[in-house]
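# A structural walkthrough
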Amino acid sequence: MRFFEHIGKYLFLLRKIFSKPERFKIFMKQVLQEIELLGLNSIGLVVIISLFSGAVITLQLGYNMDNPFLPSYLIGMGNRETMLLEFSSTILCLILTGKIGSQVASEIGSMRVTEQIDSLEMMGINSANYLILPKVVAVLLILPLLSIVSAFLGIAGGLVAGPLAGVVKIADYIEGITFVFKPFYVFFAVVKTFVFSFIMVTISSYFGYNVEGGALEVGKASTNAVVTSSIFILIFDLILTQLLLQ
Amino acid sequence: MIAINNIGKSFGGKQIISGISSTFENGKTHLIIGQSGSGKTVLLKTISGLYQADSGAIDFDGRSLMDMNQKEQKLLRQEIGMVFQGGALFDSLSVADNVRFPLDMFWDVSEAEKRDRVDFCLERVKIVDAHNKFPAELSGGMQKRVAIARAIALNPKYLFCDEPNSGLDPVTAIVIDNLIAEITAEFGITTIINTHDMNSVMEIGEKILFIHKGHKEWEGSSKEVLNTENEALNSFIFSSKLTAQLKK
Ligand SMILES: Nc1ncnc2c1ncn2[C@@H]1O[C@H](COP(=O)(O)OP(=O)(O)OP(=O)(O)O)[C@@H](O)[C@H]1O
Ligand SMILES: [Mg+2]
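Described in the following lines is the structure provided in the data block. (Residues numbered from 1 in each chain as written. Chains lettered and ligands numbered in written order. Predicted model: local features only at pLDDT ≥ 70, side-chain atom pairs only at ≥ 80, totals over all residues. Heavy atoms only, no water.)

## Details of the overall build of chain B
Our working definition: Elements are defined by DSSP. Helices are runs of H or I of four residues or more, strands are runs of E of two residues or more, and each kind is numbered from the N terminus. Computation of the radius of gyration draws on C-alpha atoms, with the globule rule given as 2.2 Å multiplied by the number of residues to the power 0.38. Accessible area is worked out with a 1.4 Å probe on protein chains only. A residue is then buried under 20% of its type maximum, exposed over 50%, and partly exposed in between. All accessible-area figures derive from a Shrake-Rupley calculation using a 1.4 Å probe, and residue coverage is judged against the displayed protein chains alone. His is not counted, nor are the chain ends, whereas Lys and Arg count as positive and Asp and Glu as negative. Where a charge sits is defined by one atom per residue type, namely NZ (Lys), CZ (Arg), CG (Asp) or CD (Glu).
If you tally the helices and strands in chain B, you get ten helices and ten strands. Here the C-alpha atoms of chain B give a radius of gyration of 18 Å, agreeing with the 18 Å that 2.2 N^0.38 yields for 248 residues. Overall size of chain B, expressed as C-alpha extent along the three principal axes, is 55 × 45 × 35 Å. Out of the 248 residues in chain B, the part that is buried amounts to 52%. Accessible surface for chain B amounts to roughly 11300 Å². Of this, 49% is attributable to carbon and sulfur atoms. Charged side chains of chain B number 27 positive and 32 negative; the gap between the two group centres comes to 4 Å.

## Focus on the coordination of the magnesium ion (ligand 2)
Which entries qualify depends on this criterion: Donor atoms: N, O and S within 2.8 Å of the metal, or within 3.2 Å for Na, K and Ca. Because water is excluded, sites can look incomplete.
Here the magnesium ion (ligand 2) is held by the protein donor atoms Thr 41 of chain B (OG1) and Gln 85 of chain B (OE1), which lie 1.9 to 2.5 Å from it. Pair noted here: Thr 41 of chain B is in helix H1 (residues 40-48) and Gln 85 of chain B is in the loop between strand E6 (80-83) and helix H3 (95-106), with a separation of 44 residues, a long-range link.

## Some remarks on unusual backbone geometry
At Val 180 of chain A, a residue that is not glycine, the phi angle is positive and equals roughly 30°. Residue placement: Val 180 of chain A occurs in the loop between helix H7 (170-178) and helix H8 (183-209). Of note in this structure, Lys 126 of chain B is not a glycine but carries a positive phi near 60°. Positionally, Lys 126 of chain B belongs in the loop between helix H4 (111-124) and helix H5 (140-152). Relative accessible area serves as the criterion here: at 52%, Lys 126 of chain B is assigned to the exposed category.

So, in C-alpha coordinates, the structure goes:
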(Lines give C-alpha, C1' and ligand atoms only; values in the text may rest on other atoms or scores of the structure.)
(Ligands and ions follow the chains in the order given, each with its own letter.)
Protein backbone atom coordinates (compact mmCIF):
# COMPACT_ATOMS: atom_id res chain seq x y z
CA MET A 1 0.00 0.00 0.00
CA ARG A 2 2.84 2.38 0.91
CA PHE A 3 4.29 1.60 -2.50
CA PHE A 4 1.32 3.05 -4.37
CA GLU A 5 1.29 6.08 -2.08
CA HIS A 6 4.93 6.73 -3.00
CA ILE A 7 4.19 6.30 -6.71
CA GLY A 8 1.32 8.78 -6.44
CA LYS A 9 3.42 11.32 -4.58
CA TYR A 10 6.29 10.81 -7.02
CA LEU A 11 4.05 11.48 -10.02
CA PHE A 12 2.64 14.53 -8.27
CA LEU A 13 6.17 15.81 -7.72
CA LEU A 14 7.01 15.23 -11.39
CA ARG A 15 4.07 17.38 -12.36
CA LYS A 16 5.32 20.13 -10.08
CA ILE A 17 8.84 19.86 -11.49
CA PHE A 18 7.84 20.08 -15.12
CA SER A 19 6.34 23.53 -15.39
CA LYS A 20 7.61 26.78 -16.79
CA PRO A 21 10.50 28.28 -14.83
CA GLU A 22 9.78 31.61 -13.15
CA ARG A 23 12.73 33.36 -14.81
CA PHE A 24 14.36 31.79 -17.85
CA LYS A 25 17.66 33.61 -17.35
CA ILE A 26 18.00 32.39 -13.78
CA PHE A 27 17.02 28.89 -14.89
CA MET A 28 19.77 28.79 -17.52
CA LYS A 29 22.30 29.94 -14.96
CA GLN A 30 21.20 27.16 -12.62
CA VAL A 31 21.46 24.54 -15.37
CA LEU A 32 25.05 25.57 -16.08
CA GLN A 33 25.85 25.40 -12.37
CA GLU A 34 24.36 21.94 -12.09
CA ILE A 35 26.20 20.73 -15.16
CA GLU A 36 29.40 21.66 -13.41
CA LEU A 37 28.34 20.32 -10.01
CA LEU A 38 26.76 17.04 -11.06
CA GLY A 39 28.35 16.36 -14.44
CA LEU A 40 31.82 17.83 -14.78
CA ASN A 41 32.71 16.94 -11.20
CA SER A 42 31.98 13.30 -12.03
CA ILE A 43 34.38 13.13 -14.98
CA GLY A 44 37.34 12.04 -12.85
CA LEU A 45 35.37 9.14 -11.43
CA VAL A 46 34.11 8.14 -14.89
CA VAL A 47 37.63 8.20 -16.35
CA ILE A 48 39.10 6.03 -13.63
CA ILE A 49 36.38 3.39 -13.44
CA SER A 50 36.04 3.12 -17.22
CA LEU A 51 39.76 2.72 -17.92
CA PHE A 52 40.22 0.13 -15.21
CA SER A 53 37.05 -1.82 -15.93
CA GLY A 54 37.87 -1.95 -19.65
CA ALA A 55 41.33 -3.21 -18.77
CA VAL A 56 40.06 -5.85 -16.35
CA ILE A 57 37.35 -7.08 -18.72
CA THR A 58 39.92 -7.44 -21.51
CA LEU A 59 42.26 -9.44 -19.30
CA GLN A 60 39.48 -11.70 -18.09
CA LEU A 61 38.24 -12.33 -21.61
CA GLY A 62 41.82 -13.14 -22.60
CA TYR A 63 42.44 -15.56 -19.75
CA ASN A 64 39.12 -17.32 -20.27
CA MET A 65 39.52 -17.75 -24.03
CA ASP A 66 42.61 -19.91 -24.27
CA ASN A 67 40.91 -22.24 -26.74
CA PRO A 68 43.07 -22.00 -29.92
CA PHE A 69 39.98 -22.32 -32.12
CA LEU A 70 38.66 -18.97 -30.89
CA PRO A 71 40.27 -16.10 -32.82
CA SER A 72 41.83 -13.56 -30.45
CA TYR A 73 40.12 -10.59 -32.06
CA LEU A 74 37.05 -11.77 -30.13
CA ILE A 75 38.67 -10.30 -27.02
CA GLY A 76 38.52 -6.76 -28.39
CA MET A 77 35.02 -7.30 -29.71
CA GLY A 78 33.89 -8.75 -26.39
CA ASN A 79 35.18 -5.77 -24.49
CA ARG A 80 33.50 -3.37 -26.92
CA GLU A 81 30.14 -5.10 -26.60
CA THR A 82 30.37 -5.28 -22.80
CA MET A 83 31.14 -1.59 -22.62
CA LEU A 84 28.39 -0.47 -24.97
CA LEU A 85 25.69 -2.89 -23.90
CA GLU A 86 26.04 -2.85 -20.15
CA PHE A 87 29.01 -1.17 -18.54
CA SER A 88 28.90 2.38 -19.88
CA SER A 89 25.19 2.71 -19.29
CA THR A 90 23.96 0.48 -16.47
CA ILE A 91 27.06 -0.02 -14.34
CA LEU A 92 28.19 3.54 -14.86
CA CYS A 93 24.79 4.89 -13.81
CA LEU A 94 24.70 2.61 -10.78
CA ILE A 95 28.05 4.00 -9.69
CA LEU A 96 27.07 7.59 -10.47
CA THR A 97 23.85 7.13 -8.51
CA GLY A 98 26.00 6.69 -5.42
CA LYS A 99 27.55 10.08 -6.08
CA ILE A 100 24.88 12.17 -7.79
CA GLY A 101 21.84 10.59 -6.13
CA SER A 102 23.12 11.00 -2.62
CA GLN A 103 24.29 14.53 -3.35
CA VAL A 104 20.92 15.57 -4.76
CA ALA A 105 18.90 13.90 -1.99
CA SER A 106 20.95 15.40 0.80
CA GLU A 107 21.05 18.87 -0.72
CA ILE A 108 17.30 19.02 -1.21
CA GLY A 109 16.63 17.19 2.06
CA SER A 110 18.63 19.63 4.10
CA MET A 111 16.83 22.51 2.40
CA ARG A 112 13.57 20.87 3.42
CA VAL A 113 14.41 20.42 7.10
CA THR A 114 15.84 23.93 7.44
CA GLU A 115 12.63 25.41 5.96
CA GLN A 116 14.44 26.77 2.88
CA ILE A 117 11.86 25.01 0.72
CA ASP A 118 9.02 26.55 2.75
CA SER A 119 10.79 29.83 2.29
CA LEU A 120 10.70 29.48 -1.50
CA GLU A 121 7.04 28.47 -1.45
CA MET A 122 6.26 31.42 0.80
CA MET A 123 7.75 33.76 -1.80
CA GLY A 124 5.33 32.28 -4.33
CA ILE A 125 7.97 30.20 -6.10
CA ASN A 126 7.31 26.62 -7.23
CA SER A 127 10.12 25.07 -5.16
CA ALA A 128 10.15 21.72 -6.98
CA ASN A 129 10.47 23.44 -10.32
CA TYR A 130 13.08 25.90 -9.10
CA LEU A 131 15.27 23.35 -7.31
CA ILE A 132 14.85 20.14 -9.28
CA LEU A 133 14.28 21.01 -12.95
CA PRO A 134 17.80 22.44 -13.46
CA LYS A 135 19.26 19.25 -12.00
CA VAL A 136 17.12 17.07 -14.27
CA VAL A 137 18.05 19.03 -17.39
CA ALA A 138 21.75 19.10 -16.47
CA VAL A 139 21.95 15.38 -15.79
CA LEU A 140 19.99 14.46 -18.92
CA LEU A 141 22.34 16.57 -21.02
CA ILE A 142 25.60 15.46 -19.54
CA LEU A 143 25.32 11.79 -18.55
CA PRO A 144 24.64 10.40 -22.05
CA LEU A 145 27.81 12.21 -23.15
CA LEU A 146 29.72 10.75 -20.23
CA SER A 147 28.41 7.34 -21.21
CA ILE A 148 29.95 7.58 -24.67
CA VAL A 149 33.20 8.88 -23.21
CA SER A 150 33.15 5.96 -20.80
CA ALA A 151 32.76 3.40 -23.60
CA PHE A 152 35.72 4.92 -25.46
CA LEU A 153 37.85 4.90 -22.34
CA GLY A 154 36.88 1.33 -21.49
CA ILE A 155 37.92 0.20 -24.97
CA ALA A 156 41.13 2.24 -24.62
CA GLY A 157 41.81 0.61 -21.26
CA GLY A 158 41.68 -2.79 -22.93
CA LEU A 159 43.90 -1.59 -25.73
CA VAL A 160 46.59 -0.70 -23.24
CA ALA A 161 46.20 -3.54 -20.73
CA GLY A 162 45.57 -6.43 -23.18
CA PRO A 163 48.83 -6.21 -25.14
CA LEU A 164 50.81 -5.27 -22.00
CA ALA A 165 49.61 -8.41 -20.22
CA GLY A 166 50.20 -10.41 -23.38
CA VAL A 167 46.65 -11.72 -23.75
CA VAL A 168 46.06 -10.15 -27.17
CA LYS A 169 48.10 -8.48 -29.90
CA ILE A 170 47.40 -4.82 -30.62
CA ALA A 171 46.43 -5.55 -34.21
CA ASP A 172 44.03 -8.32 -33.16
CA TYR A 173 42.46 -6.13 -30.51
CA ILE A 174 41.91 -3.32 -33.00
CA GLU A 175 40.46 -5.72 -35.51
CA GLY A 176 38.14 -6.93 -32.75
CA ILE A 177 36.82 -3.55 -31.76
CA THR A 178 35.96 -2.72 -35.38
CA PHE A 179 34.58 -6.17 -36.24
CA VAL A 180 30.82 -6.14 -37.11
CA PHE A 181 30.32 -2.89 -35.28
CA LYS A 182 26.65 -2.05 -34.79
CA PRO A 183 26.06 1.68 -34.43
CA PHE A 184 22.69 0.81 -32.95
CA TYR A 185 24.47 -0.27 -29.76
CA VAL A 186 25.73 3.27 -29.25
CA PHE A 187 22.19 4.52 -29.57
CA PHE A 188 21.13 1.78 -27.15
CA ALA A 189 23.70 2.93 -24.58
CA VAL A 190 22.63 6.55 -24.92
CA VAL A 191 18.93 5.76 -24.56
CA LYS A 192 19.55 3.63 -21.51
CA THR A 193 21.73 6.29 -19.89
CA PHE A 194 19.11 8.90 -20.63
CA VAL A 195 16.41 6.87 -18.89
CA PHE A 196 18.65 5.90 -15.98
CA SER A 197 19.72 9.52 -15.46
CA PHE A 198 16.10 10.56 -15.25
CA ILE A 199 15.37 7.79 -12.75
CA MET A 200 18.40 8.65 -10.63
CA VAL A 201 17.83 12.38 -10.37
CA THR A 202 14.05 12.38 -9.97
CA ILE A 203 13.89 9.55 -7.43
CA SER A 204 16.70 11.10 -5.41
CA SER A 205 14.97 14.48 -5.52
CA TYR A 206 11.76 12.81 -4.40
CA PHE A 207 13.42 11.36 -1.32
CA GLY A 208 15.09 14.66 -0.47
CA TYR A 209 11.99 16.74 -1.11
CA ASN A 210 9.84 14.66 1.22
CA VAL A 211 12.17 14.42 4.22
CA GLU A 212 10.50 15.01 7.54
CA GLY A 213 12.56 15.60 10.65
CA GLY A 214 16.19 16.57 10.95
CA ALA A 215 19.75 15.80 9.93
CA LEU A 216 19.37 12.10 10.75
CA GLU A 217 16.41 11.75 8.40
CA VAL A 218 18.33 13.56 5.66
CA GLY A 219 21.03 10.90 5.93
CA LYS A 220 18.45 8.13 5.76
CA ALA A 221 16.73 9.75 2.80
CA SER A 222 20.01 9.92 0.96
CA THR A 223 20.64 6.21 1.53
CA ASN A 224 17.09 5.32 0.50
CA ALA A 225 17.46 7.47 -2.60
CA VAL A 226 20.53 5.56 -3.76
CA VAL A 227 19.07 2.12 -3.00
CA THR A 228 15.71 2.83 -4.64
CA SER A 229 17.24 4.51 -7.70
CA SER A 230 19.58 1.53 -8.15
CA ILE A 231 16.72 -0.96 -8.00
CA PHE A 232 14.70 0.99 -10.56
CA ILE A 233 17.71 1.34 -12.82
CA LEU A 234 18.07 -2.45 -12.81
CA ILE A 235 14.38 -2.98 -13.46
CA PHE A 236 14.45 -0.57 -16.38
CA ASP A 237 17.65 -2.16 -17.64
CA LEU A 238 15.72 -5.39 -18.01
CA ILE A 239 12.75 -3.67 -19.64
CA LEU A 240 14.84 -1.62 -22.10
CA THR A 241 17.03 -4.55 -23.06
CA GLN A 242 13.95 -6.60 -23.85
CA LEU A 243 12.31 -3.74 -25.74
CA LEU A 244 15.27 -2.54 -27.77
CA LEU A 245 17.29 -5.68 -28.43
CA GLN A 246 14.67 -8.35 -29.06
CA MET B 1 -5.68 43.92 8.26
CA ILE B 2 -5.76 40.17 8.54
CA ALA B 3 -8.86 38.56 9.99
CA ILE B 4 -8.95 34.90 10.94
CA ASN B 5 -12.14 33.20 11.89
CA ASN B 6 -12.45 29.85 13.59
CA ILE B 7 -9.49 28.25 11.89
CA GLY B 8 -8.39 24.71 12.56
CA LYS B 9 -5.64 22.43 11.31
CA SER B 10 -4.89 18.78 11.93
CA PHE B 11 -2.07 16.50 10.84
CA GLY B 12 -2.71 12.83 10.28
CA GLY B 13 -5.96 12.91 12.25
CA LYS B 14 -4.37 14.76 15.17
CA GLN B 15 -5.96 18.16 15.81
CA ILE B 16 -3.12 20.66 16.28
CA ILE B 17 -5.02 23.95 16.40
CA SER B 18 -8.74 24.58 16.49
CA GLY B 19 -11.32 27.36 16.65
CA ILE B 20 -8.90 30.28 16.57
CA SER B 21 -10.31 33.70 15.66
CA SER B 22 -8.65 37.11 15.82
CA THR B 23 -7.76 40.23 13.87
CA PHE B 24 -4.37 41.73 13.12
CA GLU B 25 -4.19 45.41 12.25
CA ASN B 26 -2.04 47.40 9.85
CA GLY B 27 1.01 49.08 11.34
CA LYS B 28 0.81 47.05 14.53
CA THR B 29 2.94 44.33 16.05
CA HIS B 30 0.96 41.34 17.22
CA LEU B 31 2.45 38.57 19.31
CA ILE B 32 1.40 34.98 19.48
CA ILE B 33 2.71 33.45 22.67
CA GLY B 34 2.48 29.96 24.06
CA GLN B 35 4.48 27.00 25.23
CA SER B 36 6.67 24.97 22.96
CA GLY B 37 4.43 22.59 21.06
CA SER B 38 1.28 24.63 21.63
CA GLY B 39 0.86 25.16 17.89
CA LYS B 40 2.29 28.63 17.23
CA THR B 41 4.28 27.64 14.17
CA VAL B 42 1.37 25.67 12.75
CA LEU B 43 -0.93 28.65 13.33
CA LEU B 44 1.44 31.07 11.60
CA LYS B 45 2.01 28.75 8.67
CA THR B 46 -1.74 28.24 8.36
CA ILE B 47 -2.44 31.97 8.35
CA SER B 48 0.27 32.48 5.72
CA GLY B 49 -1.29 29.78 3.53
CA LEU B 50 1.74 27.50 3.66
CA TYR B 51 -0.49 24.94 5.37
CA GLN B 52 -4.03 24.71 4.11
CA ALA B 53 -6.53 25.28 6.92
CA ASP B 54 -9.02 22.45 7.44
CA SER B 55 -11.73 24.86 8.45
CA GLY B 56 -12.42 28.55 9.02
CA ALA B 57 -11.73 31.73 7.08
CA ILE B 58 -8.63 33.87 6.57
CA ASP B 59 -8.97 37.35 5.05
CA PHE B 60 -6.12 39.56 3.89
CA ASP B 61 -7.63 43.07 3.73
CA GLY B 62 -10.93 41.63 2.64
CA ARG B 63 -9.47 39.09 0.22
CA SER B 64 -10.34 35.60 1.28
CA LEU B 65 -7.41 33.19 1.15
CA MET B 66 -9.74 30.23 0.77
CA ASP B 67 -11.36 31.67 -2.36
CA MET B 68 -8.10 32.43 -4.13
CA ASN B 69 -6.91 30.37 -7.05
CA GLN B 70 -3.27 29.40 -7.37
CA LYS B 71 -2.34 32.48 -9.32
CA GLU B 72 -3.97 34.84 -6.84
CA GLN B 73 -2.30 33.04 -3.96
CA LYS B 74 1.03 33.41 -5.67
CA LEU B 75 0.48 37.15 -6.00
CA LEU B 76 -0.57 37.40 -2.37
CA ARG B 77 2.60 35.65 -1.31
CA GLN B 78 4.63 38.41 -2.87
CA GLU B 79 2.97 40.75 -0.37
CA ILE B 80 4.02 38.54 2.54
CA GLY B 81 7.44 38.55 4.17
CA MET B 82 8.22 35.59 6.34
CA VAL B 83 11.02 34.99 8.80
CA PHE B 84 11.21 31.30 9.66
CA GLN B 85 12.10 29.87 13.04
CA GLY B 86 15.60 28.89 11.90
CA GLY B 87 16.16 31.83 9.55
CA ALA B 88 15.94 29.57 6.48
CA LEU B 89 18.52 31.54 4.52
CA PHE B 90 19.61 29.85 1.29
CA ASP B 91 22.95 28.47 2.28
CA SER B 92 24.31 28.36 -1.26
CA LEU B 93 23.84 32.12 -1.63
CA SER B 94 25.77 34.98 -0.07
CA VAL B 95 24.08 37.43 2.29
CA ALA B 96 23.54 40.00 -0.46
CA ASP B 97 22.24 37.36 -2.88
CA ASN B 98 19.82 36.06 -0.26
CA VAL B 99 18.26 39.52 0.06
CA ARG B 100 18.44 39.98 -3.70
CA PHE B 101 16.74 36.67 -4.41
CA PRO B 102 13.10 37.84 -4.23
CA LEU B 103 14.05 40.94 -6.23
CA ASP B 104 15.59 38.85 -9.00
CA MET B 105 12.49 36.71 -9.08
CA PHE B 106 9.80 39.34 -9.03
CA TRP B 107 11.17 42.81 -9.67
CA ASP B 108 11.66 44.17 -13.17
CA VAL B 109 14.07 46.96 -12.37
CA SER B 110 17.67 47.80 -13.19
CA GLU B 111 20.70 46.22 -11.58
CA ALA B 112 21.51 49.46 -9.81
CA GLU B 113 18.07 49.70 -8.28
CA LYS B 114 18.29 46.14 -7.03
CA ARG B 115 21.69 46.80 -5.52
CA ASP B 116 20.36 49.91 -3.79
CA ARG B 117 17.43 48.00 -2.42
CA VAL B 118 19.69 45.23 -1.07
CA ASP B 119 21.93 47.81 0.57
CA PHE B 120 18.94 49.61 2.04
CA CYS B 121 17.43 46.44 3.52
CA LEU B 122 20.70 45.23 4.97
CA GLU B 123 21.44 48.64 6.41
CA ARG B 124 17.99 48.71 7.91
CA VAL B 125 18.81 45.58 9.92
CA LYS B 126 22.26 46.99 10.73
CA ILE B 127 24.30 44.55 8.65
CA VAL B 128 27.04 46.52 6.95
CA ASP B 129 30.15 44.50 6.23
CA ALA B 130 28.80 41.07 5.45
CA HIS B 131 27.43 41.29 1.90
CA ASN B 132 29.71 38.59 0.56
CA LYS B 133 29.63 36.25 3.51
CA PHE B 134 27.66 33.01 3.44
CA PRO B 135 24.98 32.13 6.01
CA ALA B 136 27.21 29.48 7.62
CA GLU B 137 29.75 32.20 8.41
CA LEU B 138 27.26 34.34 10.34
CA SER B 139 26.26 34.27 14.00
CA GLY B 140 22.71 33.26 14.86
CA GLY B 141 21.68 36.86 15.49
CA MET B 142 23.09 38.01 12.17
CA GLN B 143 21.31 35.20 10.34
CA LYS B 144 18.00 36.31 11.84
CA ARG B 145 18.68 39.89 10.81
CA VAL B 146 19.54 38.89 7.24
CA ALA B 147 16.33 36.83 7.19
CA ILE B 148 14.42 39.96 8.20
CA ALA B 149 16.18 41.95 5.48
CA ARG B 150 15.16 39.34 2.91
CA ALA B 151 11.59 39.32 4.23
CA ILE B 152 11.22 43.08 3.79
CA ALA B 153 12.98 43.22 0.40
CA LEU B 154 9.76 43.36 -1.62
CA ASN B 155 8.10 45.90 0.68
CA PRO B 156 5.65 43.43 2.17
CA LYS B 157 2.24 44.43 3.48
CA TYR B 158 2.31 41.51 5.89
CA LEU B 159 5.25 40.31 7.95
CA PHE B 160 5.28 36.98 9.78
CA CYS B 161 8.14 36.13 12.12
CA ASP B 162 8.48 32.77 13.81
CA GLU B 163 10.49 33.25 16.99
CA PRO B 164 12.81 35.84 15.51
CA ASN B 165 14.79 36.13 18.71
CA SER B 166 14.91 32.61 20.09
CA GLY B 167 18.39 31.40 20.90
CA LEU B 168 19.77 34.92 21.12
CA ASP B 169 21.19 36.81 24.09
CA PRO B 170 18.79 39.27 25.77
CA VAL B 171 20.48 42.35 24.29
CA THR B 172 20.43 41.10 20.71
CA ALA B 173 16.91 39.78 21.22
CA ILE B 174 15.66 43.23 22.16
CA VAL B 175 17.52 44.81 19.23
CA ILE B 176 15.73 42.46 16.84
CA ASP B 177 12.36 42.97 18.51
CA ASN B 178 12.65 46.71 18.27
CA LEU B 179 13.82 46.47 14.70
CA ILE B 180 10.71 44.57 13.69
CA ALA B 181 8.44 46.91 15.63
CA GLU B 182 10.06 49.97 14.02
CA ILE B 183 9.79 48.56 10.51
CA THR B 184 6.17 47.66 11.20
CA ALA B 185 5.24 51.17 12.27
CA GLU B 186 7.40 52.85 9.63
CA PHE B 187 5.87 51.02 6.67
CA GLY B 188 2.41 50.29 8.08
CA ILE B 189 2.96 46.55 7.90
CA THR B 190 0.64 44.01 9.52
CA THR B 191 3.06 42.05 11.65
CA ILE B 192 2.58 38.79 13.54
CA ILE B 193 5.38 37.42 15.69
CA ASN B 194 5.56 34.05 17.40
CA THR B 195 7.51 34.10 20.62
CA HIS B 196 7.81 32.70 24.09
CA ASP B 197 9.98 35.53 25.26
CA MET B 198 8.34 37.67 27.97
CA ASN B 199 10.76 40.51 27.22
CA SER B 200 9.25 40.77 23.74
CA VAL B 201 5.79 40.81 25.21
CA MET B 202 6.62 43.79 27.39
CA GLU B 203 8.75 45.62 24.81
CA ILE B 204 6.80 45.44 21.58
CA GLY B 205 3.52 43.56 22.08
CA GLU B 206 0.67 45.80 21.03
CA LYS B 207 -1.73 42.91 20.99
CA ILE B 208 -1.10 39.48 22.43
CA LEU B 209 -2.68 36.18 21.56
CA PHE B 210 -2.02 33.36 24.00
CA ILE B 211 -2.27 29.89 22.48
CA HIS B 212 -2.66 26.98 24.84
CA LYS B 213 -2.86 23.39 23.61
CA GLY B 214 -3.95 24.50 20.17
CA HIS B 215 -6.73 26.91 21.06
CA LYS B 216 -6.94 30.60 21.86
CA GLU B 217 -6.80 30.83 25.62
CA TRP B 218 -6.48 34.59 26.05
CA GLU B 219 -6.17 37.80 24.05
CA GLY B 220 -5.31 41.33 25.18
CA SER B 221 -2.71 44.07 25.49
CA SER B 222 0.70 43.87 27.10
CA LYS B 223 -0.57 45.90 30.04
CA GLU B 224 -3.41 43.52 30.68
CA VAL B 225 -1.18 40.51 30.43
CA LEU B 226 0.48 41.09 33.82
CA ASN B 227 -2.77 41.39 35.73
CA THR B 228 -4.57 38.54 34.11
CA GLU B 229 -6.74 36.18 36.08
CA ASN B 230 -6.33 33.48 33.48
CA GLU B 231 -4.68 30.53 35.16
CA ALA B 232 -2.93 28.99 32.16
CA LEU B 233 -1.57 32.38 31.09
CA ASN B 234 -0.45 33.16 34.62
CA SER B 235 1.46 29.95 34.96
CA PHE B 236 3.00 30.55 31.52
CA ILE B 237 4.15 34.10 32.26
CA PHE B 238 5.19 33.62 35.84
CA SER B 239 6.92 30.31 35.37
CA SER B 240 10.41 31.63 36.09
CA LYS B 241 11.66 32.78 39.48
CA LEU B 242 12.51 36.17 38.05
CA THR B 243 9.05 36.91 36.71
CA ALA B 244 7.39 35.45 39.81
CA GLN B 245 9.43 37.81 41.99
CA LEU B 246 8.62 40.74 39.77
CA LYS B 247 4.95 40.06 40.27
CA LYS B 248 5.31 40.24 44.04
N1 LIG C 1 4.04 19.15 9.56
C2 LIG C 1 3.59 18.57 10.69
N3 LIG C 1 3.10 17.31 10.66
C4 LIG C 1 2.65 16.73 11.78
N5 LIG C 1 2.64 17.30 13.00
C6 LIG C 1 3.11 18.55 13.10
C7 LIG C 1 3.62 19.26 11.96
N8 LIG C 1 4.02 20.47 12.36
C9 LIG C 1 3.79 20.52 13.69
N10 LIG C 1 3.25 19.38 14.15
C11 LIG C 1 2.85 19.11 15.52
O12 LIG C 1 2.04 20.18 15.96
C13 LIG C 1 2.31 20.51 17.31
C14 LIG C 1 2.57 21.99 17.43
O15 LIG C 1 3.80 22.28 16.77
P16 LIG C 1 4.33 23.75 16.55
O17 LIG C 1 5.58 23.63 15.78
O18 LIG C 1 3.26 24.60 16.00
O19 LIG C 1 4.68 24.22 18.01
P20 LIG C 1 5.25 25.62 18.48
O21 LIG C 1 4.24 26.23 19.36
O22 LIG C 1 5.69 26.40 17.32
O23 LIG C 1 6.50 25.17 19.35
P24 LIG C 1 7.95 25.85 19.48
O25 LIG C 1 7.80 26.97 20.42
O26 LIG C 1 8.78 24.75 20.05
O27 LIG C 1 8.38 26.24 18.12
C28 LIG C 1 3.46 19.63 17.76
O29 LIG C 1 2.93 18.57 18.53
C30 LIG C 1 4.03 19.10 16.47
O31 LIG C 1 4.51 17.79 16.66
MG1 LIG D 1 7.48 26.99 16.53
